[in-house]
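# Overview (structure and organization)
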Amino acid sequence: MQDTRRRVLDAIADGPVPGPEIADRLDVSRAAVWKHIEALREAGFSIEGGDAGYELVTVPEFGGEAVAFGLDAPFEVEYHDSIPSTNDRARELAAEGRENVVVLADEQTGGRGRLDREWAAPSGGIWLSILLRPTVPPADAPAFTLAAAVATTRAAREAGIDATIKWPNDVLVTDGDGRDRKLTGILTEMEGEADRVSWIVVGIGINANVDAGDLVEGATSLREENGDVNRRVFTQRVLEEFHDLGSDLDSVVPAWRDLADTLGRRVRVDTPGGEVVGEAVDVEFPGALVVETDDGRVRVSAGDCEHLRPI
Ligand code: BT5
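Rules and cut-offs
Residues numbered from 1 in each chain as written. Predicted model: local features only at pLDDT ≥ 70, side-chain atom pairs only at ≥ 80, totals over all residues. Heavy atoms only, no water. Helix = DSSP H or I, 4+ residues; strand = E, 2+ residues; numbered from the N terminus. Buried < 20%, exposed > 50% of the residue type's maximum accessible area, 1.4 Å probe, protein only. Contact = heavy atoms within 4.5 Å. Areas by Shrake-Rupley, 256 points an atom, 1.4 Å probe, with all protein chains shown as cover. Pairing = 2+ DSSP bridges. Near = heavy atom within 4 Å. Polar contact = N/O pair within 3.5 Å; in protein donor to acceptor, adjacent residues only side chain to side chain. Axes fitted to C-alpha atoms, helices over the stretch in contact; angles between N-to-C directions. Core = buried A, V, L, I, M, F, W, Y, C linked by side-chain atoms within 4.5 Å. Domains from an automatic or database assignment. Arc of directions from axis to C-beta. Buried area = accessible area lost by both parts, 1.4 Å probe. Salt bridge = Lys/Arg side-chain N within 4 Å of Asp/Glu carboxyl O.

## Digging into the overall build of the protein chain
A count of helices and strands for the protein chain gives nine helices and 14 strands. Oriented by its inertia axes, the alpha-carbon framework of the protein chain measures out at about 75 × 45 × 30 Å. For the protein chain, buried positions account for 52% of its 311 residues. For the protein chain, contacts bridging at least 24 residues in sequence account for 60% of all contacts bridging at least 6. Accessible surface, the protein chain as shown: approximately 14300 Å² in total, 43% of it carbon and sulfur.

See below:
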C-alpha cells in the first residue's frame, strides 16, 4: 500500500479525526487526504465521515490494502481479483528488479503446480506469491519452501484445523478414514548464480473459502474443515510467520519437524534419479529427506513423496 494511504488509515483507526488534522499530521494537503479516503472506500474500507472527522469502521475481508493494513512484515501487497498465475506475475516483478512484494489473488485462471501440473484456484482461495532477494546461496532455497509449509500449517492450526506437513511442500489434513487431503501446495521458483540467489518466488496456494467440490479429487479446504476464515487475517498470519522464519533460516527445520507427518512413516519418493522406499527418519537443512532403506540411508532433495501404510 502507498505509504501515505497507510498512514491515513493508521490515523483514523482509533476514532474520529478531522480531515485538516490528518493533513497537518501527515504534512499533505486536505485534498490529498480526501483522495486517499475515497480510494480506501473504493477498496472496501468502511469509513464514516461525521462532524468529528473520519473514522475507520470496518476493514474488507480481503484485498491488497486490507492485507497490508496492520501487517507485521515488510511486504508490499499487489492484489488481483483474477490473474493467470501469481507466480508468473511475481517473476515479471523480479525481472523489473523488485523485491519484498506479495502478489495476491482471489482467483487464478492458470495456476501451476510443480512440473507444470495444473493447480485449481477458484475464487475464494488465498493464492499468493512472495518475491524475495535473500542473501543466501541457491542451495539454501529449499528452506524457504519448508518455511512456507510451516507458516501455513501454523496459521491453519490457529484457525482450529489439525493440519500437518507432508515432505516437502504439502499441507494436509487427514480425514476420518485416514486419507490425506491436500489443503495447500507450494511452488518455489528461483534464479541465481553459483554462490548467490538473485531472486526467489515462493508461491503458496491455500484452499480457503472454497468448496472441495470445486477443487480436485483428494483436496480439502479451510471452509470444508472448519468453516470460512477471515482471509485477511489468515494471509497476514502466513506472511508474518513466513517472514520470521525466512529471517532466521536455522529455525526452519526444527519448526518443520514439529509439524510434519512424514517422519517415522514408510514412504515412497519418486525422485529424478528413481524410486526410494523406506522409513523417513529425518529432515536435514535445507530440506533433504533422510530415508532408511534396505540398502542404507539415502538423502533425497527433490521428488514426490507418498506416505505408505506400515508393513
Ligand atoms: C503444488 O504442486 O502443490 C504447488 C501448488 C502451488 C500453487 C500456488 S497458488 C499461488 C502460486 N501461483 C501459481 O501458479 N502456483 C502457486 P504439486 O505438488 O505438483 O501438486 C499439484 C497436484 O495437486 C495436481 O496435479 C493435482 O493433483 C493437485 N491439485 C491441483 N489443484 C489443487 C488444489 N487446489 N488443492 C489440492 N490439490 C490440488
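Having put the structure on the table, let's press on.
## Comments concerning the pairing of strand 10 (residues 266–271)
Taken residue by residue, a regular strand's side chains alternate between the two faces of the sheet. Only one face of strand 10 is covered, namely the one carrying Val267, Val269 and Thr271; the face carrying Arg266, Arg268 and Asp270 has none of its residues buried. One ladder, built from six bridges, connects strand 10 with strand 11 (residues 274–284); its direction is antiparallel. Bridged to Val267 within strand 11 is Gly278. What sits between strand 10 and strand 11 in their antiparallel hairpin is a turn of two residues. As paired strands, strand 10 and strand 14 (residues 304–308) are joined by five bridges and run antiparallel to one another. In the sheet register, Val269 faces strand 14, and the bridge partner there is Cys305.

## Brief notes about the site of the ligand
In the neighbourhood of the ligand, 26 residues make up the surrounding shell, with Ser85, Arg112, Arg117, Ala120 and Lys182 lying closest. Take Ala120: an N or O atom from its main chain is 2.9 Å from a nitrogen atom of the ligand. In the complex, the protein chains occlude 89% of the 790 Å² of accessible area that the ligand would expose alone. Elements that contribute at least two residues to the shell around the ligand include exactly helix 5 (86–95), strand 5 (126–132), strand 8 (180–192) and strand 9 (197–206).

## Describing the sheet that holds strand 12 (residues 288–293)
Pairing is antiparallel across the open sheet formed by five strands, whose spatial order is 13-12-11-10-14. Each edge of the sheet is formed by a strand with only one pairing partner; in this case those strands are strand 13 (296–300) and strand 14. Sheet twist, expressed as the average angle between the axes of neighbouring strands with direction ignored, equals 45°.

## What to know about the nonpolar core
Nonpolar side chains in soluble globular proteins generally cluster together in the buried interior. Core analysis: the biggest nonpolar cluster contains 62 residues, and Phe75, Ile130, Ile204, Phe234 and Phe242 have the highest contact counts within it. For this core, the element with the highest residue contribution is helix 6 (residues 142–158), accounting for 10 residues. Per-domain counts for this core show at least three residues from each of domain 2 (64–259) and domain 3 (266–307). If near-sequence neighbours (up to four positions away) are discounted, Ile130 is found in contact with Phe75, Val101, Val102, Ile200, Val201, Val202, Ile204, Leu239 and Phe242.

## Observations concerning the sheet that holds strand 7 (residues 170–174)
Taking strand neighbours across the sheet as the criterion, the seven strands line up as 3-4-5-9-8-7-6 in an open arrangement whose pairing is mixed. With one partner strand each, in any of the chains shown, strand 3 (76–83) and strand 6 (164–166) form the two edges of the open sheet. When strand polarity is set aside, the average angle formed by the axes of neighbouring strands in this sheet is 20°. Taken together, the seven bridges between strand 3 and strand 4 (residues 101–108) define a ladder with parallel strand orientation.

## Remarks on the pairing of strand 9
With nine of 10 residues buried, strand 9 lies mostly within the body of the structure. Where strand 5 lies against strand 9, seven bridges are found, and the strand directions are antiparallel. Of the residues in strand 9, the one forming a bridge with Leu132 is Ile200. Both strand 8 and strand 9 contribute to a ladder of nine bridges, which runs antiparallel.

## Observations concerning helix 1 (residues 3–12)
Within helix 1, the full set of buried residues consists of Thr4, Arg5, Val8, Leu9, Ala11 and Ile12. The arc enclosing the buried residues of helix 1, seen along the axis, measures out at 160°, which places them on a common side. Contacts from the buried residues of helix 1 go to helix 2 (19–26), helix 3 (30–42), strand 1 (46–50), strand 2 (53–58) and helix 4 (64–68).

## A short note on the side chain of Asn87
In this fold, Asn87 is placed in helix 5. At 2.8 Å, the side chain of Asn87 forms a polar contact with the side chain of Glu189. Beyond its immediate stretch of four places on either side in the chain, Asn87 contacts Arg112, Ser129, Leu187, Glu189, Val201, Val202 and Gly203.

## Quick word on the domain arrangement of the protein chain
Entries for the protein chain in the domain assignment read domain 1 (3–58), domain 2 (64–259) and domain 3 (266–307). Each partner contributes residues to the interface: domain 2 has 16 residues there, and domain 3 has 16 residues. Carbon and sulfur atoms make up 59% of the surface buried where domain 2 meets domain 3, a total of about 1300 Å² over both sides. When the buried area of domain 2 at its contact with domain 3 is split by residue, Lys166, Trp167 and Val253 rank highest and sum to 47% of it. Its salt-bridge partner being Arg114, residue Asp304 comes within 2.4 Å of it at the nearest N-O pair. The interface formed by domain 2 and domain 3 includes nine residue pairs in polar contact (both at pLDDT 80 or more).

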